[in-house]
Structures are given as C-alpha cells and as structure tokens.
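Coordinates in review
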Amino acid sequence: MRMRSVLATVTAGLAAATCVTAAAPADAHSGKAPGVHACSPAVSITGYSDALDKTTYDGTFVGNLSALAVDRGGRIAALSDRSSLFTLDRETLKPTSVVNLVDEKGAALDSEGLAVDYDGTRLVTSETEPSVRRYERDGTLVGSLPVPDALKVAPAGRATSNLTFEGLTLLPGGRTLLAAMEGSLSGDTAGIVRFQTWDRATRQGDFRLSAQYGYRTDTGLGVSEAQATPDGRLLVLERGFTAGVGNTVRLYLADLRHATDTRRVDTLTGQDGVRLARKTLLADLVNCPSLGAQAKQPQPNPLLDNIEGLTITGRTPDGRLQLLLVSDDNQNAVQTTRLYSLSARLPHTVNG
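Below is a short write-up of the structure. Quick caveat, the model's predicted, so the values are computed rather than measured. (Residues numbered from 1 in each chain as written. Predicted model: local features only at pLDDT ≥ 70, side-chain atom pairs only at ≥ 80, totals over all residues. Heavy atoms only, no water.)

1. Here's the deal with the side chain of D284
For clarity, the threshold we go by: Numbering of helices and strands runs from the N terminus; a helix is a DSSP stretch of H or I covering at least four residues, while a strand is a stretch of E covering at least two. N or O atoms closer than or at 3.5 Å make up a polar contact, with two conditions inside protein: a donor-capable atom paired with an acceptor-capable one, and, for residues adjacent in sequence, both atoms drawn from side chains. We call two residues contacting when some pair of their heavy atoms lies within 4.5 Å.
Summarising the element assignment, D284 is placed in strand β20 (residues 278–284). At a separation of 3.0 Å, a polar atom in the side chain of D284 contacts the side chain of R250. Ignoring anything within four residues of it in the chain, the contact list for D284 reads V249 and R250.

2. Things to note about the sheet that holds strand β15 (residues 192–200)
What counts is decided by this rule: Should DSSP find at least two bridges between two strands, the strands are taken to pair. To define axes, lines are fitted to C-alpha atoms, for helices over the stretch in contact only, and angles between the resulting N-to-C directions are given on a 0 to 180 degree scale.
An order of β13-β14-β15-β16 is seen for the four strands of this open sheet, with the pairing classed as antiparallel. Looking at the sheet topology across the chains shown, the edges are occupied by β13 (165–170) and β16 (207–216). Going from strand to strand, the sheet's axes swing by 20° on average, the running direction of each strand aside. Two elements, β13 and strand β14 (residues 176–181), share five bridges in a ladder whose sense is antiparallel. Across the sheet, T169 pairs through a bridge with L178, a residue of β14.

3. Remarks on the side chain of T229
Note the cut-off: Each residue gets one of three labels from its accessible area relative to the maximum for its type: buried under 20%, exposed over 50%, partly exposed in between, using a 1.4 Å probe on protein chains only.
Within the element layout of this structure, T229 appears in the loop between β17 (222–228) and β18 (234–242). Residue classification places T229 among the buried positions, given a relative accessible area of 0%. Contact partners of T229, with chain neighbours within four places excluded, come to P172, L234, L235, L253, I312, L321 and L346.

4. Re the sheet that holds strand β8 (residues 95–100)
Pairing is antiparallel across the open sheet formed by four strands, whose spatial order is β5-β6-β7-β8. If you trace the sheet from one side to the other, it starts and ends with β5 (65–70) and β8, each paired once. For this sheet the average axis-to-axis angle between neighbouring strands, irrespective of direction, equals 20°. Alignment of β5 against strand β6 (residues 76–80), held across five bridges, turns out to be antiparallel. Residue L65 lies in a different strand from β6, and its bridge partner there is S80.

5. Describing the nonpolar core
We apply this condition: Remark: nonpolar core denotes a set of buried residues (Ala, Val, Leu, Ile, Met, Phe, Trp, Tyr, Cys) joined through side-chain atoms within 4.5 Å.
In terms of nonpolar packing, the biggest core is built from 34 residues, with L177, F195 and Y215 touching the most fellow members. Of all the secondary-structure elements, those providing two or more residues to this core are β13, β14, β15, β16, β17, β18 and β19 (246–255). Counting residues per element, this core draws most heavily on β14, at five residues. If near-sequence neighbours (up to four positions away) are discounted, F195 is found in contact with L178, A179, A180, M181, A211, Q212, Y213, Y215, V223, L234, V236 and L256.

6. A word on the packing of aromatic side chains
Aromatic ring pairs: the centre-centre distance and the angle between the two ring planes describe each pair. The cut-off we apply is this: Two rings from Phe, Tyr or Trp (for Trp, the six-membered ring) form a pair when their centres sit within 6.5 Å of each other. Planes less than 30 degrees apart are called stacked, planes more than 60 degrees apart edge-to-face, and all others tilted. Whether a charge sits over a ring depends on NZ of Lys or CZ of Arg being within 6 Å of the ring centre and within 35 degrees of the ring normal.
Using the criterion set out here, one finds two aromatic pairs in the structure. Residues F165 and W198 carry aromatic rings whose centres are separated by 6.0 Å and whose planes lie at 80° to one another, so their mutual orientation is edge-to-face. Placement of the pair is F165 in strand β13 and W198 in strand β15, with a sequence separation of 33 residues. Each member of the pair, F165 as well as W198, is classed as buried. The interplanar angle of 15° and the centroid separation of 5.1 Å between the aromatic rings of F195 and Y215 together place this pair among those described as stacked. Within this pair, whereas F195 is found in strand β15, its partner Y215 is found in strand β16, the two being separated by 20 residues in sequence. Positioned above the aromatic ring of Y252, the side-chain terminus of K279 is 4.0 Å from the ring centre.

So, in structure tokens, the structure goes:
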C-alpha cells in the first residue's frame, strides 16, 4: 500500500497531540493518486484505500478498526475493537507495531474510542461497562477514569450494551477529555445522547468528572466518533445501517459552548430550559464521488462502509482541515477495512 501525499506542511498544535500531514490514500481501484472531489460545499474526498482489508500484521488481524488518533512523532494510532492497538506509518499507513490491551483482570476489551495524551499514553474506551482506561505505549494498564452511574450498562446504570462510549477526544490544550455515547440512555428521548467530559486534575494524568452535554442525532443514526477541532468545536460522525440498503454516514460540526450541563438532568426529552449541542451538517458521505470503489454488499454509494474512526491529521495549503477516516469491517466477509482521506472547511458558526 504505497501512499502519495497530496498535502503540504501542517499547522502544529492541533488538539493535545502532535499533528502531522498523513499521506492521502491512493485510489485502490486505479492505484493512482487522486484529485479532489466534492462531497458537499464544505467537504471533499481526496482518496481511499482498501489495502489493509483482510490482512494480518505480526500474526494479528488488521481489521475491526474503530478509532484513529495522531500519535507522537506523527504516526497514526489505529484501535481495533478486539483489543489490538496498531501503529501506522505516517506515509504509507502500513502497520509498524501492534500491542494487545486487556482490562484489570486480563480480559479483552470492546475497545471503541482512542485519544493519545501529551505524554504518549493512550486513553481507550471500552463499550462493555463502559470504561476509559489509560495505557502506556507498550500496552501496560496504568489506571482508569471514573464513570457516572447513569452511563453504565444496565442493570448498573441506564445505558444499553454496545451503545456506550464510541468516541473519545482531547479538547485543545489537553485539559479536557470528552467521550461520546453512541446511543440514548433509558428514560432519555430516543436520539438524544450524552457527551461526558473530564477535566485534568493533575499533569500526571488524573482526570475528574466534569460537565456533560446532550446531543441529538438524526433519526435512526448513532454517534460513531467525535473529534475536537482546533477551535474547540467537535466533528461528529453519525452512522447507521439498514439491511439490504447499506450504511448512512454523515459528518457534522457541533458546538457545545452554549449547551446546558446535563450531569444533574435525570432525563433528556428536549424539554425547555435544556439546551442541546448545536450542530450543522458538513456532508452526507453518500454524496461523495465513488472514485471507483466497490462494495461487497448493497450500499447507496459503493464508497460507503461501516465508518467508525476519524482523526484530524493537518491542514491543506488553503487552510482546510485534513481528515483520515476508517471503516470497521467487523471481520466480516461482506464488509471492508477502508481508509478515507477527506478535507473540510469549517463554517464560522453552527446553525442548528
């Protein structure tokens, strides 16, 4: 999988991690470096690659990828929901290392969200409880963060199994961590999900519970990823699947600045006096040109698959954010591990 960069030098200091211009995936259908193709007025796709699909590295299946993050030195960390954490080369996006992650009892995780802290340690969510744990680069578990009781999976709390912490991101400056729930809590109106934050208590990495916010997804969709932008807003991926039709994947820009802190609001019903996060649609990815991509099952656009991971890798010469996305193939013969390179120009205001 030889990648060709279509970007120039990036602006340093995106979020809390070292930022990098990752190579844009060459079009796997033609093997040629792609051009820029509009998905919407705000978002363009510059390439994709299926070269990691159904491959192995060091005896580990390279798939089930649910999250991406920029690592120290510009490498890309790629998290599998089967407890594997890969490092990808910044230019080729090929795996260069892998570590296995386990919980306090040595059991595997349903690992979904990933952020790399300033010291290189990894913050990883698991949907099972849910949880947020901290790991050294070699996979050594060094601690975990507190989780509100209401966000725990029933019967311990009000969350539904497999609909918990799907996204994880550090806000600019690295002092605040945010986890996005995929689905609604019992008692909350369907489609309203909670975003939980933690504030850094000490530079040694301890975080304490902080504000919580409500976010309304589109009908039938859940949150598959949230990624902080350099100005403190959020890119939010909403995703759904309909058998016989395929995936819906939409990219939103969300703003929490005027949203209500909901940690003491028992149920979210869209009630007066509780302001949800505002959001504006950047792109429905069904409208991206397919670039010759092929799908293994029905899709409204053969480019689409089960897209779960998103990270910001830098800027284009004209100031657009450069995005790297990945799909989770669920180790399924009719799904694909696919990397996508997109660019986005963010509006100054969020309308919704």
